[in-house]
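Summary of the model geometry
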Amino acid sequence: MSESNISPDTPVSVVSKSAEAIERARSAGRKALIAYLPAGFPDKQTSIDAAIALARNGADIIEIGIPYSDPVMDGSVIQAATTQALNNGFRVADVFDVVAAITAETDAAVLVMTYWNPVMRMGVDEFSRRLAEAGGAGLITPDLIPDEAAEWFAASDKYGLDRVFLVAPSSTPERVAMTVEATRGFVYAVSIMGVTGARTEVSSAAEAVVAAAHAAGAERACVGLGVSKAAHVREIAAYADGVIVGTALVAALRDGGVPAVAALAKELSTGFEAATTEAASA
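Let me begin by describing the structure that accompanies this report.

1. A short note on the pairing of strand β9 (residues 242-245)
A two-sided burial pattern is seen for β9, the buried positions comprising G242 and I244 on one face and V243 and V245 on the other. Pairing between strand β1 (residues 32-38) and β9: four bridges, direction parallel. Each residue of the ladder has a partner; that of A32, found in β9, is G242. Judged from the two bridges that link them, strand β8 (residues 221-224) and β9 form a sheet pairing that is parallel. Residue pairing in the sheet places C222 in a bridge with G242 of β9. Since β8 and β9 lie parallel, the crossover through helix α10 (residues 230-237) that links them has a hand, and here it is right-handed.

If you want it as structure tokens, here you go:
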């Protein structure tokens, strides 16, 4: 089949929604805030309302996670949330309703974060078409590597979607270069070896992972895993192009509902203000 010959360096003119969001933040003198919430938690409508609140309180890019029964990258907080969503009857197709509702109300770029099996089960082309029709920006695929993504390259080019791959402290220079070449939007720099979860401090490896991505040609590299407070945002904003927050927001939604999510997003955004002030005075 011709699709199997598609590679990430095939010339395709695609406007990246997530890249545009990061560049808008850069033009405003700050880095981008990328915020994650699982679809359908604690219920479908509340997950939509919470995502809209994120966008209205400083988030430039919204990551919507598809609940999955075997979330190997996710820590206990996100696992519990996605399990609740599945128990409530959430289905993969519901994510398109969630994305469409968010994009109808905000200007934030909306990426779907998903393990690859749900995409394969629906059909890569079908999933990509429906995501594009819902106004989605693209996919973050934590368990898909560029070597095995030929069908995704074809579909993402066909429907104008971003493809966000991950690099980690363990990634070799060759692997980083391959990932940067395959990515469209931004490179997801994993700061630690392990699962998601809020931590008291950001891994010292994060800056080196971002530097490696930039050295390999990445125009935008954003840091995720372990970010939970404004001080982390300020620290990461000194060297990365965006800061990714997940577990802390999911916990806020669990404990305090949509108002708590909005308040935390606003608080996290103050980290950019502090970083901008520090840069100006340096």
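Read on, since the account is not over.
2. Thoughts on the pattern of salt bridges
Evaluated as defined, the whole model comprises 15 salt bridges. One salt bridge in this structure joins D97 and K44, with 2.8 Å as the shortest N-O distance. Pair noted here: D97 is in helix α4 (residues 94-105) and K44 is in helix α2 (residues 44-56), with a separation of 53 residues, a long-range link. Of the residues examined, D97 reaches a relative accessible area of 41% and is grouped as partly exposed. One salt-bridge network, in which partners are shared between bridges, spans E23, R26, E219, R220 and D241.

3. What about the packing of aromatic side chains?
Applying the stated rule across the entire model yields four aromatic pairs. A centroid spacing of 5.1 Å and a plane angle of 65° characterise the contact between F96 and F127, whose relative ring orientation is edge-to-face. Here F96 is found in helix α4, whereas its partner F127 is found in helix α6 (residues 124-133), with 31 residues between them in sequence. Each member of the pair F96 and F127 is classed as buried.

4. Remarks on the sheet that holds β1
Taken together, nine strands build an open sheet; the order of strands is β5-β4-β3-β2-β1-β9-β8-β7-β6 and the sheet is parallel. Every other strand in the sheet has two partners, leaving β5 (162-164) and β6 (166-167) as the edge strands with one partner each. Pairing of strand β2 (residues 61-65) with strand β3 (residues 109-113) involves five bridges; the strand directions are parallel. Looking across to β3, one finds that E63 is bridged to L111. Each of β2 and β3 is contacted by α4, which is oriented at about 165° to β3, the strand it contacts most.

5. So, unusual backbone geometry
Omega for the bond connecting F41 with P42 falls within 30 degrees of zero, at -10°, which places this linkage in the cis form. Here P42 is to be found in the loop between β1 and α2.

6. Things to note about the nonpolar core
Counting residues in hydrophobic clusters, the biggest one holds 91 residues, and the most contacted among them are L54, I64, V95, W152, F186, Y188 and L249. It is helix α11 (residues 247-281) that provides the largest number of residues to this core, a total of 10 residues. Leave out the neighbours within four places in its chain, and I64 touches L37, A39, A51, V95, V98, I102, V110, L111, V112 and M113.

7. What about the packing of α2 against α4?
Following both chains from N to C, one finds α2 and α4 inclined at 35°, their axes separated by 9 Å at the closest point. You can see that α2 and α4 cross each other, and the crossing is right-handed. Taking contact as the criterion, the partners of K44, S47, I48, A51, I52 and R56 in α2 are, on α4, D94, D97, V98, A101, I102 and E105. Residues of the contact of α2 with α4, tallied by class, amount to six nonpolar, one polar and five charged.

8. Comments concerning the side chain of S269
When you line up the elements, S269 lands in helix α11. For S269, a relative accessible area of 15% puts it in the buried group. For S269, the side chain forms a polar contact with the main-chain oxygen of N57, separated by 3.5 Å. If we ignore the near neighbours within four places in the chain, the residues touching S269 are L33, N57 and G58.

9. Considering the pairing of β2
In terms of burial, β2 is a largely internal element, five of the five residues being buried. Residue alternation in β2 divides its side chains into two sets, I61, E63 and G65 and I62 and I64, and both sets are buried. Across five bridges, the pairing between β1 and β2 is parallel. Bridge assignment links A35 to a residue of β2, and that residue is I62. In the classification by handedness, the crossover that spans β1, the intervening α2 and the parallel β2 is right-handed.

The rules behind each value
- Residues numbered from 1 in each chain as written.
- Predicted model: local features only at pLDDT ≥ 70, side-chain atom pairs only at ≥ 80, totals over all residues.
- Heavy atoms only, no water.
- Buried < 20%, exposed > 50% of the residue type's maximum accessible area, 1.4 Å probe, protein only.
- Helix = DSSP H or I, 4+ residues; strand = E, 2+ residues; numbered from the N terminus.
- Pairing = 2+ DSSP bridges.
- Right-handed = clockwise from strand over helix to strand, strands pointing away.
- Salt bridge = Lys/Arg side-chain N within 4 Å of Asp/Glu carboxyl O.
- Phe/Tyr/Trp six-rings, centres within 6.5 Å; stacked < 30°, edge-to-face > 60°.
- Contact = heavy atoms within 4.5 Å.
- Axes fitted to C-alpha atoms, helices over the stretch in contact; angles between N-to-C directions.
- Core = buried A, V, L, I, M, F, W, Y, C linked by side-chain atoms within 4.5 Å.
- Left-handed = near helix turned anticlockwise from the far one by under 90°.
- Nonpolar A, V, L, I, M, F, W, Y, C, P; charged D, E, K, R; others polar.
- Polar contact = N/O pair within 3.5 Å; in protein donor to acceptor, adjacent residues only side chain to side chain.

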